[in-house]
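Here's the letter readout for the chains.
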Amino acid sequence: NSGELRKFPLPPAGVCFILRYHVFCCLPGDNTPRESSPFINNTDHDRGNYYDGKNMALFEEEIESNPMVSSLLNKLANYTNLTQGVTEHEEYENEDGVTKIAVKMGTFIGVYLPCMQNILGVILFLRLTWIVGTAGIMESFAIVVMCCTCTMLTAISMSAIATNGVVPAGGSYYMISRSLGPEFGGAVGLCFYLGTTFAGSMYILGTIEILLTYIVPNTAVFVAEKKEDETEAMLNNMRVYGTCCLALMALVVFVGVKYVNKLALVFLACVVLSIMAIYAGVIKTVIEPPNYPICLLGNRSLQNHNFEKCMKTEVIKNVTYTTELWKLFCDSPHLNATCDEYFTLNNLTEIQGIPGLLSGVIKDNMWGEYGPSGMLVEKKNQSSVPVQDNSRDIYKPYIFNDISTFFTLLVGIYFPSVTGIMAGSNRSGDLRDAQRSIPIGTILAIATTSFIYMTCVVLFGACIEGVVLRDKFGNSVNKNLVIGTLAWPSPWVIVIGSFFSCCGAGLQSLTGAPRLLQAIARDGIVPFLQVFGHGKANGEPTWALLMTVGICEIGILIASLDAVAPILSMFFLMCYLFVNLACAVQTLLRTPNWRPRFKFYHWTLSFLGMSLCLSLMFISSWYYALVAMSIAGCIYKYIEYRGAEKEWGDGIRGLSLNAARYALIRLEEVPTHTKNWRPQLLVLLKLDSDLGVKHPRLLSFTTQLKAGKGLTIVSSVLEGTYMTLGAEAKSAEQSAMHLERTKGFCHVVVSSNLRDGFSHLIQSAGLGGMKHNAVLMAWPGGWKQAEDSYPWKNFIETVRETTSAHQALLVAKNIDKFPCNQDRLGEGTIDVWWIVHDGGLLMLLPFLLRQHKVWRKCKMRIFTVAQMNDNSIQMKKDLQMFLYHLRLNAVVEVVEMVSSCTDTSVIPQAQLITKLGTKSHANLSDTATATPDHHVHMTWTKDKLIAERNRKRGEPNVGVKDLFNMKPNQSNVRRMHTAVKLNEVVVNKSQGAQLVLLNMPGPPKNKGGDENYMEFLEVLMDGLDRVLLVRGGGREVITIYS
């Protein structure tokens, strides 16, 4: 740094020296040495001259893109990992204004204590005694073991992920998103954010419950006039005070998180002192149990804050007086008053609420006692006289269950007490050695808290009377906090400690949740959350804080801690599930980058933790679990559909690669069956001089034909060098595919020769079983006006190569007139002219097109040609039956042509239809015959045909077999005659069709007749707007069998 440089005398201008692997040069007129950085982001103008004359001149070409090892090591050594948006946490300024970096923390201060503070909280102080009393020691112990095992397994998986490289701010969100991809990361990150936010609600509700129930119960705003309205009044008080408390905490967080950090030690001290007071109280019960008498009427527990003496009457100076308790059950204070029947029949008993560790009460508390809402809290094994009418019990000072209790509910309420294991990973930027501190600190904190919870379950059941344990709000012990009655030296230690602990946990939630939302927003994977990435000048997430406060208020309005706890349990369990999934996937994939320093993990442990998380979700609340999974699923699909493209090297991508490799190997083993055949298209695009797609409607037609199914390879061939053209051309193709909503792959071939490029593309595109079986291209419309013969020669060679490769060929004429994906064609027809058998591709293509909304309203018509000797009526019947077996709806029409008008290079369609009734459909492809070798020496046009026809008008008709013996000129005449006559018929029948599909005749084997072939095709398609020439690949693609 500059301080070290000041220790040395400066050399003269122009002299350079080396210090710590860096070169410093003194420039003229400058008194400070400047560092010449070898990194990529260096902006110095003299970077190119940096290594001139140095001993690394051999590598000077590499330096432009690859830094020297010394520079790389120095950059890594100076790496800092500041928590997002919390600059004031990491830096502070002294009186001189010099910025200093905050001291890094070790395992105990940085991970162990924060995890302890987050794990031990409101549930321990307010609900654990009630859970033990309701579920019993055995079932409560099972709940604690399940939940603690879940978090321990998750911590093991988290430790493996956290030690597999540097984990920046964001904690669990960062780990999941970089391990499972942006979709899972965003979904689980938002679930974790919602869980943290609702945790803030739970802590605030706990704070208010302690305040209104145990500290200042007389400050309630709403007071119930009737006994049955007490619960609703309490909820309203929770809403009012909770909202005020939330506003106050939000203000503290907004003003500055540094104040929260300064109070963190106080909150932690409260938790530690409270735990110590509990254990001290347990030891004290062995010596001298505390005096907390409880009053039982029969076997029913009574609220004793309205009376002092547990007796019906008392004798004072030989005079019998009624007590305050008498007045609660009788209509007057007199001895002859009418009293409640149960009060009359049963005696009052006073027992100790805290009998002590050695009292043997553990036997009575071993098993649970569940019941519906409104059930009386009664002591087991206590005698009582039952009565018939219990309708007035609600107005008596009994203790009732305020909610229905069952095992799964208690799991959902308890689980939030074991959350908070991410506190260490969230502070990874503050740690001196995060990869060592996070595993040790987190696992030790979970082990410590698990021991505390397990021992508390046993000790509570062994020291406290069952009816007191089931008394959620301590009404039977003068409205004392139940766990406080066990504490030493005073219940107020627990009350005050738990109050500040809940306050601190609420502030921590309101501090952490906005930063988590800000981290997700700044990643840009969820577009509508980007506004929450902004904040104050120092990085404080103001908008995210407002959002967090709004969601937290929803939990406050629920107003019941027992109702909020299962909600946040779902979100935390969802997060932990995916942490375990991330570790399991990375371990099973064995990716080269998976090298965690923490070695004590295994994929079976991660899988067990994942299964346990999923089980606990449905055990706690199956409908909350479904809601949480639905929320995560919706976020996942939204990010997949609208989110930004991110490549984080995640495990899901590796899993996809493994699955793709396995599937490709399976596809390679077995050839595709006819029933599974679908066009796997290689689309040959032409790019203009600016690398723009010349015919974008070709991509639209591909989308309409494929409907997102099967393989699509969009490709182009460019002339030049790959280093200069490849990336730009691929980017242009991808943009065009995105605009036309074409799903597929881009493949650009840059070759010194265009013809070779097309040949290589047709041969090598695809991989294994995922190779194309059909080629789609546009008709070279301007081949006649072209300056050279390349366009039509390349076209014909492409036809020959696809034929040799047994691939189908689709050629679209006037492709720019084809409909786009937004068009909706009205009533119209798709006309198929079935001249020769091509494996059924001509009939399959219209069916596939009509699956798309553009062509859905179009009808299908099939035309075939009958020769002089064919029975056209029988042909129509046979073709209709054939289409019926193919399950295709189409109108059939047979066109009779008196003169020879079919391509005589193949067997006429009439012979094929005749054979349908006697031959198997699978053998139809065997009926094709080879094309004879014709030698063509002149170019034929339509005008030349007319002249030749007039010259030959007097000659008799020539049969099909005689064609093989024709002279070359006569063969050309016959071919052009066929094209003209067939074109007349097609135009007459299909000029108004939305699309015309035609059999494409094969090119001549003798390349001397290529230009004639182009003329024949031009005449064949003359006068038609949208034409698709189809040439089969030599195999059956449609079948009548199921």
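Quick caveat, the model's predicted, so the values are computed rather than measured.

Participant: Just to check I follow, could you spell out unusual backbone geometry for this structure?
Facilitator: When glycine is set aside, most residues are seen to have a negative phi, and most peptide bonds are trans. Cis geometry marks the peptide bond from Trp488 to Pro489; its omega dihedral reads 15°. If you check the backbone angles, Asn478 has positive phi at about 60° while not being a glycine. Its location among the elements puts Asn478 in the loop between helix 17 (466-469) and helix 18 (482-486). Classification of Asn478 as partly exposed rests on a relative accessible area of 46%.

Participant: Hey, could you run me through the sheet that holds strand 16 (residues 828-834) in this one?
Facilitator: Within the open sheet, the ten strands sit side by side as 13-12-11-14-15-20-19-16-17-18. Their pairing is mixed. Bordering the open sheet on either side are strand 13 (745-751) and strand 18 (891-896), each of which pairs with just one other strand. Across this sheet, the average inter-strand angle for adjacent strands is 20°, counted without regard to direction. Sitting on the sheet, helix 27 (residues 754-764) is in contact with strand 11 (681-684), strand 12 (712-719) and strand 13, with an inclination near 160° to strand 12.

Participant: I'm lost on the state of the cysteines in this one. Help?
Facilitator: Two cysteines whose sulfur atoms are joined by a covalent bond form what is called a disulfide. A complete count under the given rule lists two disulfides for this structure. The side chain of Cys295 participates in a disulfide bridge whose partner is Cys310; the two sulfur atoms lie 1.9 Å from each other. Taking the sign of the S-S torsion, about 70° here, the bridge from Cys295 to Cys310 comes out right-handed. Of the two residues, Cys295 sits in strand 6 (residues 293-297) while Cys310 sits in the loop between strand 7 (300-301) and strand 8 (313-316), which places them 15 residues apart along the sequence. The class of Cys295 is buried, set by a relative accessible area of 2%. In this structure Cys310 comes out as buried when scored by relative accessible area, which is 14%. A disulfide bridge connects Cys330 with Cys339, and the sulfur atoms are separated by 1.8 Å. Where Cys330 bonds to Cys339 through sulfur, the torsion about that S-S bond is close to 105°, and the disulfide is right-handed.

Participant: So what exactly am I meant to see when it comes to the pairing of strand 14 (residues 774-778) here?
Facilitator: In the case of a regular strand, side chains alternate between the two sheet surfaces. Extensive coverage of strand 14 is indicated by the burial of five of its five residues. Because side chains alternate across strand 14, one face comprises the buried residues Ala774, Leu776 and Ala778, and the other comprises Val775 and Met777, equally buried. Relative to strand 14, strand 11 runs parallel, the two sharing three bridges. Each bridged residue has a counterpart across the sheet, and for Leu682 the counterpart in strand 14 is Val775. One ladder, built from five bridges, connects strand 14 with strand 15 (residues 808-813); its direction is parallel. Looking at the pairing, Met777 lines up with Val811 of strand 15.

Participant: Whenever I open this one, the sheet that holds strand 10 (residues 348-352) confuses me. Can you help?
Facilitator: To summarise the sheet geometry, strands pair through backbone hydrogen bonds and adopt either a parallel or an antiparallel arrangement. Taken in spatial order, the three strands line up as 7-6-10 in an open sheet, and their pairing is antiparallel. One side of each edge strand has no neighbouring strand; the edge strands of this open sheet are strand 7 and strand 10. By the bridge criterion, two bridges tie strand 6 to strand 7 in an arrangement that is antiparallel. By the bridge assignment for strand 7, Leu296 is matched with Ser301.

Participant: Whenever I open this one, the pattern of salt bridges confuses me. Can you help?
Facilitator: Pairing between side chains of opposite charge can happen when their charged atoms approach one another. Under the defined criterion, the tally for this structure stands at 18 salt bridges. Between Arg239 and Glu232 there is a salt bridge whose closest N-O contact spans 3.8 Å. What makes Arg239 partly exposed here is its relative accessible area of 22%. The salt bridge partner of Arg861 is Asp831, with a shortest N-O separation of 2.6 Å. Residue Arg861 is found in strand 17 (residues 858-866), and its partner Asp831 is found in strand 16; the two are separated by 30 residues along the sequence.

Participant: Teacher, can you tell me more about the side chain of Thr207 here?
Facilitator: By the secondary structure assignment, Thr207 is in helix 9 (residues 182-215). When sequence neighbours within four positions are dropped, the list of residues in contact with Thr207 reads Phe499, Cys502 and Cys503.

Participant: Could you clarify how one ought to interpret a negative patch on the surface in this entry?
Facilitator: Together, Glu225, Glu228, Asp229 and Glu230 line one region of the surface with negative charge. By the secondary structure assignment, Glu230 is in helix 10 (residues 230-255). Exposure remark for Glu230: the relative accessible area of 42% places this residue in the partly exposed category.

Participant: Just checking my understanding: could you explain the packing of helix 19 (residues 491-523) against helix 20 (residues 542-558) for this structure?
Facilitator: Running from amino to carboxyl end, helix 19 crosses helix 20 at an angle of 120°, the nearest separation of the two axes being 8 Å. Put simply, helix 19 runs oblique to helix 20. Helix 20 is crossed by helix 19, and the crossing has right-handed handedness. Between helix 19 and helix 20, the contacting residues are Leu510, Ala513, Pro514, Leu517 and Gln518 on the first element and Ala544, Leu545, Met547, Thr548 and Cys552 on the second.

Participant: I'm lost on helix 34 (residues 1010-1020) in this one. Help?
Facilitator: Note: α-helices contain 3.6 residues per turn, so residues at a spacing of three or four share the same orientation. Burial of helix 34 is extensive: ten of the eleven residues sit out of reach of the surface. Taken together, the buried positions of helix 34 are Asp1010, Asn1012, Tyr1013, Met1014, Glu1015, Phe1016, Leu1017, Glu1018, Val1019 and Leu1020.

Participant: Whenever I open this one, the nonpolar core confuses me. Can you help?
Facilitator: Where a protein is soluble and globular, its nonpolar side chains tend to be buried together. One finds Tyr414 and Phe460 to be the most contacted residues of the largest nonpolar core, which totals 160 residues. Sorting elements by how many residues they give to this core places helix 21 (residues 561-589) first, with 20 residues. Ignoring anything within four residues of it in the chain, the contact list for Tyr414 reads Ile123, Leu128, Ile131, Ile143, Val144, Cys147, Cys148 and Tyr453. In terms of nonpolar packing, the next biggest core, distinct from the first, is built from 55 residues, Val683, Leu691, Leu841 and Leu995 among them.

Participant: Sorry, what's going on with the environment of Ala519 here?
Facilitator: Structurally, Ala519 is set in helix 19. C-alpha separation for the pair Ala519 and Gln530, spaced eleven residues apart in sequence, amounts to 10.0 Å.

Participant: Help me understand helix 10 in this model?
Facilitator: Counted at 1.5 Å a residue, the expected span for helix 10 with its 26 residues is 38 Å, and the 37 Å between its end C-alpha atoms agrees. Regarding helix 10, the residues found buried are Ala233, Asn237, Met238, Gly242, Cys245, Leu246, Met249, Ala250 and Val253. Buried residues in helix 10 make contact with helix 9, helix 11 (257-287), helix 19 and helix 20.

Participant: Would you take a moment to explain a nonpolar patch on the surface for this structure?
Facilitator: Nonpolar side chains collect at one region of the surface, where Leu614, Phe618, Trp622, Tyr623, Leu626 and Met629 lie side by side and expose about 590 Å² of accessible area between them. Looking at the nonpolar patch, the elements with two or more residues in it are helix 22 (603-620) and helix 23 (622-642). Here the element with the most residues in the nonpolar patch is helix 23; it accounts for four residues. Tracing the backbone through its elements, the reader meets Phe618 in helix 22. Judged by relative accessible area, which is 34%, Phe618 ranks as partly exposed.

Participant: Can you help me understand the confidence of the model for the chain in this one?
Facilitator: Residue-level pLDDT values for the chain average 79, and 79% of them are 70 or greater. Across residues 1-8, confidence stays below pLDDT 50; counting only partners more than four residues off in sequence or on other chains, it has six contacts. The model gives residues 954-968 a pLDDT under 50, and that stretch makes twelve contacts with residues more than four places away or in other chains.

Participant: I tried to follow the packing of aromatic side chains on my own but got confused; where do I start?
Facilitator: For any pair of aromatic rings, the description rests on two quantities: the centre-to-centre distance and the angle between the ring planes. In the structure shown here, the tally under the stated rule is 23 aromatic pairs. Ring geometry for Phe499 and Phe500: centres 5.5 Å apart, planes at 80°, overall edge-to-face. For the pair Trp779 and Phe795, a centre-to-centre distance of 5.2 Å together with 80° between the ring planes defines the contact as edge-to-face. Taken together, the positions of Trp779 in the loop between strand 14 and helix 28 (790-804) and Phe795 in helix 28 put the pair 16 residues apart, joining distant regions of the chain. When sorted by exposure, Trp779 lands in the same class as Phe795, which is buried. An aromatic cluster of three or more residues is present, and its members are Trp326, Phe329, Tyr342, Phe343, Tyr398 and Phe400. One residue, Arg300, lies across the ring of Tyr342, its end atom 3.7 Å from the ring centre. The cationic tip of Arg300 hangs over the ring face of Tyr398; the distance from NZ or CZ to the ring centre is 5.0 Å.

Participant: What's the story with the environment of Asn475 in this structure? I'm lost.
Facilitator: By the secondary structure assignment, Asn475 is in the loop between helix 17 and helix 18. On the basis of relative accessibility, which here comes to 14%, the residue Asn475 falls in the buried class. The spacing of Asn475 and His305 is 170 residues in sequence and 6.9 Å in space, taken between C-alpha atoms. In contact with Asn475, not counting residues within four places along its chain, are Leu302, Gln303, Asn304, His305 and Ile399.

Participant: How should the packing of helix 7 (residues 128-162) against helix 21 be read in this particular structure?
Facilitator: Any two packed helices are characterised by how steeply their axes cross, that is the angle between the axes, and by the distance between the axes. Interaxial distance between helix 7 and helix 21 falls to 9 Å at its minimum, and their mutual angle equals 50°. Considering the angle they form, helix 7 stands oblique to helix 21. The way helix 7 lies across helix 21 gives a crossing that is left-handed. Contacts from Cys150, Thr151, Leu153, Thr154, Ser157, Met158, Ala160 and Ile161 in helix 7 reach Leu573, Tyr576, Val579, Asn580, Ala582 and Cys583 in helix 21. Grouping the constituent residues of the contact of helix 7 with helix 21 by class yields ten nonpolar, four polar and no charged.

About the criteria used
Here the residue index of a chain counts from 1 through its sequence in written order. A pLDDT threshold of at least 70 governs which residues receive local features in this predicted model, and a stricter bar of 80 or more applies before side-chain atom pairs are shown or counted, although totals over entire chains, interfaces and linings include all residues. Processing note: side-chain calculations cover all non-hydrogen atoms of the structure and skip hydrogens and water entirely. Segments assigned H or I by DSSP are reported as helices when at least four residues long, segments assigned E as strands when at least two residues long, and all are numbered from the N terminus. For every residue, the accessible area (1.4 Å probe, protein chains only) is compared with the maximum for its type, and the residue is labelled buried under 20%, exposed over 50%, or partly exposed between those bounds. Between any two strands, at least two bridges found by DSSP are needed for them to pair. For helices, the axis comes from a line fit to the C-alpha atoms of the stretch in contact; other axes are also lines fit to C-alpha atoms, and the angle between any two N-to-C directions lies between 0 and 180 degrees. Working rule for contacts: check all heavy atoms of both residues, and any pair within 4.5 Å makes them a contact. Cysteine sulfur atoms are paired as a disulfide whenever they come within 2.5 Å of each other. Salt bridge, as used here: a side-chain nitrogen of Lys or Arg that lies within 4 Å of a carboxyl oxygen of Asp or Glu. Residues qualify for a patch when their relative accessible area is over 30% and they have no salt bridge, like charges being joined within 9 Å and the nonpolar side chains of Val, Leu, Ile, Met, Phe, Trp and Tyr within 5 Å. Working definition of accessibility: Shrake-Rupley area with a 1.4 Å probe, residue cover restricted to the visible protein chains. When charges are counted, Lys and Arg contribute as positive and Asp and Glu as negative, whereas His and the chain ends are disregarded. Taken as the charge location is NZ of Lys, CZ of Arg, CG of Asp or CD of Glu. Angular relationships are summarised with four words: roughly parallel below 35 degrees, roughly antiparallel beyond 145, roughly perpendicular across 65 to 115, and oblique for the angles in between. Each crossing gets its hand from how the near helix is turned against the far one by less than a right angle, where anticlockwise is left-handed and clockwise is right-handed. Here the nonpolar core consists of buried residues drawn from Ala, Val, Leu, Ile, Met, Phe, Trp, Tyr and Cys, with membership extended through side-chain atoms lying within 4.5 Å. For a helix, the expected span equals 1.5 Å multiplied by the number of residues minus one. Predictor confidence is given residue by residue as pLDDT, running from a minimum of 0 to a maximum of 100. Pairing of aromatic rings covers Phe, Tyr and Trp, the last counted by its six-membered ring, and requires centre-to-centre distances within 6.5 Å; plane angles under 30 degrees mean stacked, over 60 mean edge-to-face, and any other angle means tilted. Charge over a ring is defined by NZ of Lys or CZ of Arg lying within 6 Å of the ring centre and within 35 degrees of the ring normal. Side-chain classes are defined by residue name, with Ala, Val, Leu, Ile, Met, Phe, Trp, Tyr, Cys and Pro counting as nonpolar, Asp, Glu, Lys and Arg as charged, and the others, Gly among them, as polar.

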